[in-house]
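# Summary of structural features
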Amino acid sequence: ASLSTAEIPQLTCFTELKGHTDTVTNVGFNFDGTLAFTGSYDGSIRIWRVPSTISHDQTTMTPACVIDGGPEDIEWAEWHQKGNAIVAGSSDGTVWM
C-alpha cells in the first residue's frame, strides 16, 4: 500500500513551546492530559500546562516549571502512568525523579 501527500491532512501549528536551548529529545503528557513535559539535551525538563482550548492569538507558551538536571543531556524521560512524577536519565548515567 502507498500513501500520497494528498491523503495527509493539513496540520496547523497554534502554539510554540519555547525555552530549550538545545534539541528536544522527549515529550510526554501526564495521566489526565492537563500537563506536558519536554526534555532536552540542554539538561532541563520543562513542564507545561495544557490549555483546554487553544486561542489563535496565543502563539507561544511559557513553562509552568523548569527542572534543571545539570550540565548533561536528558537522554530519556517518562511520566508516571497514574501520578504527576517524571523519571529522567542523563547522558552521564544519572537517573532522577
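Residues numbered from 1 in each chain as written. Predicted model: local features only at pLDDT ≥ 70, side-chain atom pairs only at ≥ 80, totals over all residues. Heavy atoms only, no water.

### A closer look at the side chain of Thr38
Tracing the backbone through its elements, the reader meets Thr38 in strand 3 (residues 35-40). Looking at Thr38, its side chain comes within polar contact range of the side chain of His20, at 2.7 Å. When near neighbours in sequence (up to four residues on either side) are disregarded, Thr38 contacts Leu17, His20, Val24, Asn26, Val27, Ser44, Ile45, Arg46 and Trp48. (Helix = DSSP H or I, 4+ residues; strand = E, 2+ residues; numbered from the N terminus. Polar contact = N/O pair within 3.5 Å; in protein donor to acceptor, adjacent residues only side chain to side chain. Contact = heavy atoms within 4.5 Å.)

### Remarks on the environment of Gln81
Within the secondary structure, Gln81 sits in the loop between strand 7 (74-79) and strand 8 (86-90). Counting along the chain gives 49 residues from Gln81 to Asp32, while the straight-line C-alpha distance between them is 9.3 Å.

### Quick word on the packing of aromatic side chains
Within this structure, the stated rule accounts for one aromatic pair. With 5.6 Å between their ring centres and 40° between their planes, Phe37 and Trp79 make a pair best called tilted. Of the two residues, Phe37 sits in strand 3 while Trp79 sits in strand 7, which places them 42 residues apart along the sequence. One exposure class covers both Phe37 and Trp79, and it is buried. (Phe/Tyr/Trp six-rings, centres within 6.5 Å; stacked < 30°, edge-to-face > 60°. Buried < 20%, exposed > 50% of the residue type's maximum accessible area, 1.4 Å probe, protein only.)

### Re the sheet that holds strand 6 (residues 65-68)
The strand order 2-3-4-6 describes an open sheet built from four strands, whose pairing is antiparallel. Both outer strands of the open sheet, strand 2 (24-29) and strand 6, are each paired with one neighbouring strand and no more. Geometrically, the sheet is characterised by an average inter-axis angle of 15° between neighbouring strands, direction not taken into account. Examined bridge by bridge, strand 3 and strand 4 (residues 44-49) share five bridges and lie antiparallel to one another. Bridged to Thr38 within strand 4 is Arg46. (Pairing = 2+ DSSP bridges. Axes fitted to C-alpha atoms, helices over the stretch in contact; angles between N-to-C directions.)

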